[in-house]
Amino acid sequence: MSHPFLSVVVPTYNEQSNIVPLYKKLLTILSSLKSYELIYVNDGSSDETLEQLQRLAKDNPHVRVISFSRNFGKEAATSAGLHYATGEGILMIDADGQFPPEFIPQFIEKWQAGAQVVTGVRTANHKEGLVKRQGSKLFYRILNMLGGVQMKPGSTDFRLIDRSVQQQFTRFTERSRMTRGLLDWAGFSEEYIYFQASARVGGDPGYKTSKLVKLAMNSFISLSYAPLYLSIYAGLIITPLALLTGIFVIVEQLILGDPWHLDFTGTAMLGIMLLFFLGIMLIAQGLSALYISHIHIETQNRPLYVVDERHSVRL
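Remember, predicted model here, so these are calculated numbers, not experimental data.

## Things to note about the overall build of the protein chain
Move 1: Counting its secondary structure elements, the protein chain contains 10 helices and seven strands.
Move 2: Within the protein chain, contacts between residues separated by at least 24 positions form 82% of all contacts whose residues are at least 6 apart in sequence.
Move 3: As presented, the protein chain carries roughly 16,700 Å² of accessible surface, and 60% of it is formed by carbon and sulfur atoms.

So this is what it looks like as structure tokens:
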């Protein structure tokens, strides 16, 4: 079976003002390739996104449209595009125009030179706020410190992967996922392309702060077991301190007769001990709740996404 040279996966959610501008830029670049397919994943859009995609598919036989029955989120949409892609190389790009298509030839060049994963690294973002910029740096610093997977700060979903990487990616079954984190976790040879993000062509960003925080939390839990041991580390620190404090109070108060006149009472000592143990219990309970929630999601065994075949084209 012959495969297209390149598949381009574009997850879309309420991007009606961005579909055509990005399509024209992509077509300029892809038309020079020997073969390609352009896979749009409609993530339950409520505007005219689906209608525009269907028109593109009608006019261009290289365009495929996968339409979800409702909004399942960008990670599910990206995963669906990767599952359905048939190219020798698969490139992911957002629909909002912030990832510059002009860099695609550089991605292809590094891929053909032997890199199995070529990752776009954002060096600057158009009108990025201080909170978001510092939050992004903090996220990568914490994730790399936890040790589950090492990710380059600023790395994005703008990346090209080899078909061999895609075949391994389709084996991942978790639902609370971060696509780029899973690709880095797989450990294939990786090269980087550095770029400055452009401004959105139109519309509002679909990833609000709350979604970014949720994605970060899912990444910490799914890509590293280190948070599970935080309560153990806290216990190993707090318990000896509590023990030493108790010994100090007993010796200073009862054995030596309070020579330093600290006047520790039994109630104060009990209060300190209770606070220490309460902190340990709260930390352990919170971490256990996070992991139990993920176990609950995984054991439900629901599909990662649902495709509405009535509105999809060339599945």
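## Here we look at the sheet that holds strand 4 (residues 89-92)
Move 1: A sheet is described by the order of its strands in space; here seven strands give the open sequence 3-2-1-4-6-5-7, paired in mixed fashion. Looking at the sheet topology across the chains shown, the edges are occupied by strand 3 (63-67) and strand 7 (190-196). Taken over all neighbouring pairs, the strand axes of this sheet differ in orientation by 20 degrees on average, direction set aside.
Move 2: With four bridges joining them, strand 4 and strand 6 (residues 155-162) adopt antiparallel strand pairing. Note on strand 6: the bridge partner recorded for Gly 89 is Asp 162.
Move 3: Lying on the sheet, helix 2 (residues 49-59) is in contact with strand 1 (6-12), strand 2 (36-42) and strand 3; it crosses strand 3 at an angle near 150 degrees.

## Focus on helix 4 (residues 104-112)
Move 1: Among the residues of helix 4, those classed as buried are Ile 104, Phe 107, Ile 108 and Trp 111. Buried residues of helix 4 fall within an arc of 95 degrees about the axis and therefore sit on the same side.
Move 2: Gly 114, located one to two residues past helix 4, shows a positive phi value of around 125 degrees.

## A look at the nonpolar core
Move 1: Among the nonpolar cores identified, the biggest contains 35 residues, and Leu 6 and Leu 26 are the most heavily contacted of them.
Move 2: Secondary structure elements with two or more residues in this core: strand 1, helix 1 (19-30), strand 2, helix 2, strand 3, helix 4, strand 6 and strand 7.
Move 3: At six residues, the largest contribution of residues to this core is made by helix 1.
Move 4: Once residues lying within four places of it in the same chain are set aside, the contact partners of Leu 26 are Val 8, Val 10, Leu 38, Tyr 40, Ile 93, Pro 101 and Ile 104.
Move 5: Core analysis: the second largest hydrophobic core is formed by 22 residues, Val 117, Ile 161, Leu 183 and Leu 304 among them.

## Structural notes on a nonpolar patch on the surface
Move 1: Residues Leu 243, Leu 244, Ile 247, Ile 250, Val 251, Leu 254, Ile 255 and Leu 256 make up a contiguous nonpolar surface patch of about 820 Å² in total accessible area.
Move 2: Looking at the secondary structure, you find Val 251 in helix 9 (residues 230-255).

## A look at the side chain of Thr 156
Move 1: Mapped onto the secondary structure, Thr 156 falls in strand 6.
Move 2: The class of Thr 156 is buried, set by a relative accessible area of 2%.
Move 3: Within the structure, the side chain of Thr 156 is placed 3.1 Å from the backbone nitrogen of Phe 158, a separation counted as a polar contact.
Move 4: Every residue in contact with Thr 156, bar those within four places of it in the chain, is listed here: Phe 99, Thr 119, Gly 120, Arg 122, Arg 180 and Phe 195.

## Looking at the pairing of strand 4
Move 1: Alternating residues of strand 4 divide into Gly 89 and Leu 91 and Ile 90 and Met 92, and every residue in both groups is buried.
Move 2: Pairing geometry for strand 1 and strand 4, over four bridges, is parallel. Its bridge partner being in strand 4, Val 9 is matched across the sheet by Met 92.

## What to know about the packing of helix 1 against helix 2
Packed helix pairs are specified by the crossing angle of their axes together with the interaxial distance, meaning the distance between the axes.
Move 1: Contact geometry for helix 1 and helix 2: axes closest at 10 Å, N-to-C directions at 30 degrees. With respect to helix 2, the element helix 1 is oriented roughly parallel. Crossing handedness for the pair helix 1 and helix 2: right-handed. Along its contact with helix 1, which presents Ile 19, Val 20 and Tyr 23, the element helix 2 presents Thr 49, Gln 52, Leu 53 and Leu 56.
Move 2: Classifying every residue of the contact of helix 1 with helix 2 by side-chain character gives five nonpolar, two polar and no charged.

## Remarks on the pairing of strand 1
Move 1: Judged by how many residues are buried, strand 1 sits mostly within the fold: seven of seven residues are covered.
Move 2: Of the two faces of strand 1, the one carrying Leu 6, Val 8, Val 10 and Thr 12 and the one carrying Ser 7, Val 9 and Pro 11 are both buried.
Move 3: Pairing analysis gives seven bridges linking strand 1 to strand 2, with the strands arranged parallel. Bridge assignment links Val 8 to a residue of strand 2, and that residue is Leu 38.

## Focus on the environment of Arg 70
Move 1: By the element assignment, Arg 70 lies in the loop between strand 3 and helix 3 (74-84).
Move 2: With a relative accessible area of 49%, Arg 70 lands in the partly exposed category.
Move 3: Note: C-alpha distance between Arg 70 and Ser 45 (25 residues apart in sequence) is 7.6 Å.

## Examining helix 2
Move 1: Among all positions of helix 2, only Thr 49, Leu 50, Gln 52, Leu 53, Leu 56 and Ala 57 are buried. In an axial view of helix 2, the angular spread of the buried residues amounts to 160 degrees, which keeps them on one side of the axis. Exposed residues on helix 2 whose side chains face more than 90 degrees from its buried face are Lys 58 and Asp 59.

Cut-off values and rules
- Residues numbered from 1 in each chain as written.
- Predicted model: local features only at pLDDT ≥ 70, side-chain atom pairs only at ≥ 80, totals over all residues.
- Heavy atoms only, no water.
- Helix = DSSP H or I, 4+ residues; strand = E, 2+ residues; numbered from the N terminus.
- Contact = heavy atoms within 4.5 Å.
- Areas by Shrake-Rupley, 256 points an atom, 1.4 Å probe, with all protein chains shown as cover.
- Pairing = 2+ DSSP bridges.
- Axes fitted to C-alpha atoms, helices over the stretch in contact; angles between N-to-C directions.
- Buried < 20%, exposed > 50% of the residue type's maximum accessible area, 1.4 Å probe, protein only.
- Arc of directions from axis to C-beta.
- Core = buried A, V, L, I, M, F, W, Y, C linked by side-chain atoms within 4.5 Å.
- Patch = residues over 30% accessible without salt bridge, like charges linked within 9 Å, V, L, I, M, F, W, Y side chains within 5 Å.
- Salt bridge = Lys/Arg side-chain N within 4 Å of Asp/Glu carboxyl O.
- Polar contact = N/O pair within 3.5 Å; in protein donor to acceptor, adjacent residues only side chain to side chain.
- Parallel < 35°, antiparallel > 145°, perpendicular 65-115°, else oblique.
- Left-handed = near helix turned anticlockwise from the far one by under 90°.
- Nonpolar A, V, L, I, M, F, W, Y, C, P; charged D, E, K, R; others polar.

Function cannot be read off these values alone, since they describe shape.
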